[in-house]
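A look at the structure
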Amino acid sequence: MARKNNNHKRNSARRGSNGRRDLQSTFASQRTYTILDYRLEKPNFTLRQVRIGDEVKYEVEGDLSAPVPPIRESKYLDRKQSLEIYRWMLLNRKMETALENLYKQGKVVGGVYFGLGQEACSCASAYALKPDEWLGPMIRNQGSLLVRGFSPRDIMMQYMAKAGSPTKGRDASSHFGDIRQHNVVAPISTLGDLIPVLAGVALGARLQGRSIAVMTYIGDGGQSTGVTYEGLNFAAVQNLGLVLFVENNLWGYSTPADMQFRVKDLAERAIAYGIPSVIIDGTDACQVYDAAHEACERARRGEGPTLIEAKMMRMKGHAIHDAAEYVPKPLFEYWRKRDPIARFENYLVNKKWLTAAENRELIADVDQQLETDREYAVNSPLPTPESAAGGTYCGEGCHEIKPKYGTPKARRTPRPKPAREEAEVHLK
Ligand SMILES: Cc1ncc(C[n+]2csc(CCOP(=O)(O)OP(=O)(O)O)c2C)c(N)n1
Ligand SMILES: [Mg+2]
């Protein structure tokens, strides 16, 4: 009875004198949500498509003159960890420059994909994972592969399809993983498919009584796919420790982000999944690490998935074949000033965590490692033609495959006789 009265009171409060719903009280009852935002700068511009005759081009509208923000002080990283991340970022960039040169020398089979401008996002995110946790990188996350323990040699040999490469010359870009040692699920070309796979890895660990963090990435273009929704929704409902980086690098091929979704920030998507999210500057290694670390810790506590939107810019074309002519030049200039490596280096120097001499030594060490790996990769053999079919099908004794539920039972009913004589002959 009391409940009914209360309902009556609530209903009358919502209606104005004319009996219509009172807008103010309707809005008051609406839910509001907050999304964490770690950025020290909120770029404010949009990309507009302009047609001049048959030609389509893009123009930037907004302010591109803002001063470059500092690196945000990390809540967790100490000097040693910061220097390690800086080294990974340098290795990531210099390895990609080496790959570009190998391509121009005709030594690379296929294309090359670059993560230029995204090194902080790849390296500082993967750095937050523990060795026994899992990563599912996308094609631009070559820095994440390095952090997980693959060498520049592995990646360069892979691009040159060498016999000693991770896929033994069967694939020619970063489509490889390793489920034994590095806990890396190979990138899947179909955008979004890594999300349910990584959710499955977290579920598998849970079934063995462990809450682990699993991490993967999706682009501003790829996040629109149905499987992104299915995978993340599954992880949310099952409380799985998935850390999803939405890499908003402003372009999906030649389509600007402004033409791919209507929400202001992709982090807003998390509201509809019922999970927390955070927006970060993807060019700031400290923000990337802090957000990744907090999300991983949440995952380890068994509290479920987190969505991290990393805002940055793809500083090259989709792949080496694409000169990115469609990108307005001022946009490149704006983001070039926000270079993740130069800013992190300045931050470390200003903090007195890196002297000029230490920096020179570190850079020389990275160059040396790359040169040794490049030499090795270039001089290593291609697979022999006879080996082409090897590793495709399981050979005699190659893998021991144990049946999970037992071997099939022998047929009790005799096989039906072939309908036609030829069929009988064929079957013999
Ligand atoms: C489901 C699916 N649709 C289309 C493609 C083709 N494709 C490959 S990469 C790409 C653009 C991806 O853009 P984005 O997700 O923003 O990632 P970015 O390249 O910027 O890192 C497209 C459309 C694909 N691989 N999978
Ligand atoms: Mg993109």
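Criteria and cut-off values
- Residues numbered from 1 in each chain as written.
- Chains lettered and ligands numbered in written order.
- Predicted model: local features only at pLDDT ≥ 70, side-chain atom pairs only at ≥ 80, totals over all residues.
- Heavy atoms only, no water.
- Phe/Tyr/Trp six-rings, centres within 6.5 Å; stacked < 30°, edge-to-face > 60°.
- Helix = DSSP H or I, 4+ residues; strand = E, 2+ residues; numbered from the N terminus.
- Buried < 20%, exposed > 50% of the residue type's maximum accessible area, 1.4 Å probe, protein only.
- Pairing = 2+ DSSP bridges.
- Donors = N, O, S within 2.8 Å, 3.2 Å for Na, K, Ca; no water.
- Salt bridge = Lys/Arg side-chain N within 4 Å of Asp/Glu carboxyl O.
- Core = buried A, V, L, I, M, F, W, Y, C linked by side-chain atoms within 4.5 Å.
- Contact = heavy atoms within 4.5 Å.

Considerations on the packing of aromatic side chains
- Under the criterion given, the structure shown has 10 aromatic pairs.
- Ring geometry for Tyr86 and Phe344: centres 6.4 Å apart, planes at 65 degrees, overall edge-to-face. Of the two residues, Tyr86 is situated in helix H3 (residues 79-104) and Phe344 in helix H12 (residues 340-350); the sequence distance between them amounts to 258 residues. Each member of the pair, Tyr86 as well as Phe344, is classed as buried.
- Relative to Tyr347, the ring of Phe344 has its centre 5.8 Å away and its plane inclined at 10 degrees; by these criteria the two rings are stacked. With Phe344 and Tyr347 both in helix H12 and 3 residues apart, this pair spans about one turn of that helix. For the pair Phe344 and Tyr347, a shared accessibility class is recorded, and that class is buried.

Looking at the sheet that holds strand E10 (residues 306-311)
- Taken in spatial order, the 6 strands of this open sheet run E1-E9-E10-E6-E5-E4, and their pairing is parallel. Strands with a single pairing partner mark the edges of an open sheet, and in this sheet they are strand E1 (36-37) and strand E4 (134-136).
- Inspection of the sheet shows strand E9 (residues 277-281) paired to E10 by 5 bridges, in the parallel sense. Following the sheet pairing, Ile280 is matched in E10 by Ala310.

Here we look at the coordination of the magnesium ion (ligand 2)
- Distances from the magnesium ion (ligand 2) to its protein donors, Asp220 (OD), Asn249 (OD1) and Trp251 (O), fall at 2.0 to 2.2 Å.
- Each donor residue of the magnesium ion (ligand 2) belongs to the same chain, and together they define the spacing D-x28-N-x1-W.

A word on the pattern of salt bridges
- Scanning the entire structure with this criterion turns up 28 salt bridges.
- One salt bridge in this structure joins Glu59 and Arg48, with 3.5 Å as the shortest N-O distance. Residue Glu59 is found in strand E3 (residues 55-62), and its partner Arg48 is found in strand E2 (residues 45-52); the two are separated by 11 residues along the sequence.
- In this structure Glu59 comes out as partly exposed when scored by relative accessible area, which is 30%.
- Of the charged contacts in the structure, one is a salt bridge between Glu371 and Arg374, with a shortest N-O distance of 3.1 Å. Note that Glu371 and Arg374 are positioned in helix H13 (residues 356-379) at a spacing of 3 residues, about one turn of the helix.
- Among the charged side chains, a salt-bridge network with shared partners connects Lys264, Asp265, Glu309 and Lys311.

A short note on the nonpolar core
- Ranked by internal contacts, the top residues of the largest apolar core, which has 107 residues, are Phe245 and Phe344.
- Element by element, the count of residues in this core is highest for H3, at 10 residues.
- Ignoring anything within four residues of it in the chain, the contact list for Phe245 reads Cys121, Ser125, Met215, Thr216, Tyr217, Ile218, Ile280, Val288, Ala292, Ile308 and Ala310.

Take it as geometry only, folks, not as evidence of what the structure does.
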